[in-house]
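# Structural overview
This is what each chain is made of:
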Amino acid sequence: MSEEKSLNFIEEIVEADLNSGKYNSILTRFPPEPNGYLHIGHAKSICLNFGLAKKYGGRTNLRFDDTNPITEETEYVESIKEDVKWLGFDWAEELYASNYFEQIYQFAVQLIEKGLAYVDDSNSETIALEKGTPTQPGIENTFRSRTVAENLQLFADMRAGKFKDGEKVVRAKIDMASPNMHMRDPIIYRIKHAHHHRTGDAWCIYPMYDFAHGQSDSIENITHSICTLEFIPHRPLYDWCIEKLEIFPSKQYEFARLNMTYTVMSKRKLLQLVNENHVNGWDDPRMSTISAMRRRGYPAESIREFCDKIGVAKRENLIDLSLLEFCVRERLNKTALRRMVVFDPLKIVITNYPDTTEYLESENNPEDLATGTRSIPFSKVIFVEKDDFMEVAPKKYFRLSPGQMVRLKSAYIIKCDEAIKDSDGNITELHCSYIPESKSGSDTSGINVKGTLQWVNAATAIKAEIRLYDRLFKVEDVANAEGDFKDYINPDSLQVISNAYAEPALQSDDPSVAFQFIRKGYFVIDRDSTNEHLVFNRTVSLKDGWAKEAKKA
RNA sequence: UGCCUGAUAGUAUAAUGGUAGUACGACUGUUUUUGGUACAGUUUGUCUUGGUUCGAAUCCAGGUCGGGCAACCA
């Protein structure tokens, strides 16, 4: 007996349509405009559209909504395809609204023939003025009463390139007094003498979103066209076009887009961050883009899990970034290989240890013993983290302090005997002694210590660059913060540690796997990394119970 | 002073006229050679006022508050 998980409102609609026999199977679509990189908000839409089809045995098209040649580029098309694939989804067909330009043109001709569209010579200011305001109806201008024949001729002339940009538009003839602004004779075609990334210079007129999206849905026989809340006022127009054109009745449904704390999601803002060099490109690991998260080391599975957890509803929301981080840790804890790295070294001399090197075994992942063990060199001189020593320790501090004992992970228990200082009083190294009987796996010492530290053997340590990322913004709700969102950029969102000391295994490890640096966090090799110069990104830190405890004090 | 849309713990989300539940967070404790993990427990909620009903988060009416709509963007 499996516990039935409750359905979200769109799943309920789909099930009802399937049960009533309205559809035998469903067809959804993910319809990005190729004018930027996909972000985590798109991931929600992708998981919804593809997930629905997967759950109900339907299919999903990837359709590029490429009706504005000015902003769209092939680079974006490629990145979008890569991101969708990486997220783990396969589309039924790769399609483009621009595939349908001829058909959409004919749709407009049909509307003109029915007396339901006209060519307007007004400029944009006039059109805006005549449109009225939300509380005042618009007015009908003289172009509205042009004859069908005249409209047909003018539209053909527009297509033939006889007019300059902005000289004429085609408008649907609906209702200039409608309480819905989108129904006040919306523009459906405009002139743009611009090169299109797919159709080249074949067209100089392009359909507007409202005359391309629903039409494309209908041409493809999309059953459930799912979009975000801000398109609700467009739905009457979506339905109007389908009705007047007498084409396949795709239905539009709207859900609340994802908002996340400490980040921005709008393409405009992301583009600004890139162009003004607040970050290093679209895949800078601090960005909310899919490519950034991939580079940072977020597993695709974690992103899918996150999208599943946040649910689908119509209420506006602001999701904690920490929920995404939870999903990332949950996954990585089970898969990441444990390694030891010291970011800020403090030298320890184990005074009673012989002048030899010994090899110790350590498990690669205690959560998955099938990953086996590795051997780690150990000798008289090692490094530990500077933070793991305090000359005067507070209570409940389980690390190194004069007279205090700790376990070195997978090695021995050591006791801190003396802190050595230079002439300025700075601590330069620690002299410790080890308990020979306390070796990991064969401990007969009977000593129990509270703290276990990661360490690296000084003689065999390799150097690595570590990039630590923090949230990109200082405030939770960036989009709703007063003033310019860039004023809230966190100046410390990137911290580079250029000379960390790592255990030698990392030199030869598979660069595509995720690591957990013990007590530090999860890390992946960055694409900037080379054999000579290792570079790691911190994917996410570990939960730090001590930091919380210390803050309280 | 128009139209559309929404409101359930801190954040999300479920309960579809019949016990307000789940996840994350927070807090306790147990385990632990990662102050991690795992496990157990605790905490906090139906925007408001009326109405219908044996019974309302759910249905009805009014109010309050939030979001969207007046691009030749999508």
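See the structure above.
Residues numbered from 1 in each chain as written. Chains lettered and ligands numbered in written order. Predicted model: local features only at pLDDT ≥ 70, side-chain atom pairs only at ≥ 80, totals over all residues. Heavy atoms only, no water.

In this section: the protein's contact with RNA strand B. Looking at RNA strand B, there are 65 residues lining it, with Glu12, Arg315, Arg338, Ser440 and Gln516 nearest. Near-protein atoms of RNA strand B (within 4 Å) split between backbone and bases, with sugar and phosphate holding 61%. In the environment of RNA strand B, a phosphate oxygen lies 3.0 Å from a nitrogen or oxygen atom belonging to the side chain of Arg519. It is helix 14 (residues 545-552) that contributes the most residues to the surface near RNA strand B, four residues altogether. (Near = heavy atom within 4 Å. Polar contact = N/O pair within 3.5 Å; in protein donor to acceptor, adjacent residues only side chain to side chain. Helix = DSSP H or I, 4+ residues; strand = E, 2+ residues; numbered from the N terminus.)

Moving on to the nonpolar core. Core analysis: the largest hydrophobic core is formed by 39 residues, its most contacted members being Ile40, Ile46, Val84, Met260, Ile303, Phe306 and Leu324. Secondary structure elements with two or more residues in this core: helix 2 (40-55), strand 2 (59-64), helix 3 (74-86), helix 10 (290-296), helix 11 (300-310), helix 12 (321-335) and strand 24 (521-525). In contact with Ile303, not counting residues within four places along its chain, are Ile40, Ala43, Trp86, Leu87, Met293 and Tyr298. With 36 residues, the next largest nonpolar core counts Phe107, Leu116, Met158 and Tyr206 among its residues. (Core = buried A, V, L, I, M, F, W, Y, C linked by side-chain atoms within 4.5 Å. Buried < 20%, exposed > 50% of the residue type's maximum accessible area, 1.4 Å probe, protein only. Contact = heavy atoms within 4.5 Å.)

Here we take up the packing of aromatic side chains. The tally for this structure, following the rule as stated, stands at 26 aromatic pairs. A ring pair is formed by Phe64 and Tyr96, whose centres lie 5.0 Å apart and whose planes are at 20°; its orientation type is stacked. With a gap of 32 residues between them, Phe64 in strand 2 and Tyr96 in strand 3 (residues 94-96) connect regions that are remote in the sequence. The burial state of Phe64 is the same as that of Tyr96; both residues are buried. Their ring planes at 45° and their centres at 6.1 Å tell us that Phe473 and Phe485 sit as a pair that is tilted. With Phe473 in the loop between strand 21 (462-469) and strand 22 (494-502) and Phe485 in the loop between strand 21 and strand 22, this residue pair connects regions lying twelve residues apart in the sequence. Grouped by ring-pair contacts, the aromatic residues Phe101, Tyr105, Phe155, Tyr189, Trp203, Tyr206 and Phe211 constitute a single cluster. Over the aromatic face of Tyr96 sits the side chain of Arg198, whose NZ or CZ is 3.4 Å from the ring centroid. Residue placement shows Lys269 over the ring face of Phe485; its charged tip is 5.5 Å from the ring centre. (Phe/Tyr/Trp six-rings, centres within 6.5 Å; stacked < 30°, edge-to-face > 60°. Lys NZ or Arg CZ within 6 Å of the ring centre and 35° of its normal.)

Along helix 1 (residues 9-19), the residues classified as buried are Ile10, Glu11, Val14 and Asp17. Projected onto a plane normal to the axis of helix 1, the buried residues spread over an arc of 125° and lie on a single side. Its side-chain oxygen 2.9 Å from the backbone nitrogen of Ile10, Asn8 forms the N-cap of helix 1. Positive backbone phi, at 85°, marks Gly21, one or two positions downstream of helix 1. (Arc of directions from axis to C-beta.)

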